[in-house]
Amino acid sequence: MKKKICFVLAVDGGLSYSALPIGLRNQQHLKEFFSKDYDVSLNYLRDKEQVDYLIVPRQLAPFVNEKKLPIIEVPSNLFVIKDYQGIKAIIDYYFKLEDE
């Protein structure tokens, strides 16, 4: 069974809405790339009850992780340059360590 991950690219900070300060206009490419190996969500606010892990860019504003889900931090510059292989390597390494 595929692991259920959620890319947290925007969060509700209570008084304001914070997003990763990059133009990820076509997030569908991100979802398509990772859907081969994982069950992927791009909407934390909608799907937080259905996912098991959060993929969070390091420079995203703090947010409330109500479900206390494990967070896999990824350098935000990898999202900026769309280095999906680099992001995947970090995620895969996290899961490899978790399975040991």
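Owing to the predicted nature of the structure, the values given are computational and were not obtained by experimental measurement.

With that out of the way, let us pick up the overall build of the chain. Scanning the chain for helices and strands turns up four helices and six strands. Beginning at the N terminus, the succession of helices and strands in the chain can be written as β-β-β-α-β-α-β-β-α-α. Split into buried and exposed, the 100 residues of the chain put 39% on the buried side. In the chain, 56% of the contacts between residues at least 6 apart in sequence involve partners at least 24 apart.

What helix 1 (residues 27–35) keeps buried is the set Leu 30, Phe 33 and Phe 34. In a view along the axis of helix 1, the buried residues occupy a sector of 85°, so they form one face of it. Where the residues of helix 1 are buried, they touch strand 1 (4–7), strand 4 (39–41), helix 3 (76–80) and helix 4 (84–99).

As a rule of thumb, non-glycine residues mostly have phi less than zero, and peptide bonds are mostly trans rather than cis. The phi torsion at Lys 68 lies on the positive side, around 55°, for a residue other than glycine. Positive phi outside glycine occurs at Lys 82, with the angle close to 55°. Structurally, Lys 82 can be placed in the loop between helix 3 and helix 4.

Reading guide: rules and limits
- Residues numbered from 1 in each chain as written.
- Predicted model: local features only at pLDDT ≥ 70, side-chain atom pairs only at ≥ 80, totals over all residues.
- Heavy atoms only, no water.
- Helix = DSSP H or I, 4+ residues; strand = E, 2+ residues; numbered from the N terminus.
- Buried < 20%, exposed > 50% of the residue type's maximum accessible area, 1.4 Å probe, protein only.
- Contact = heavy atoms within 4.5 Å.
- Arc of directions from axis to C-beta.

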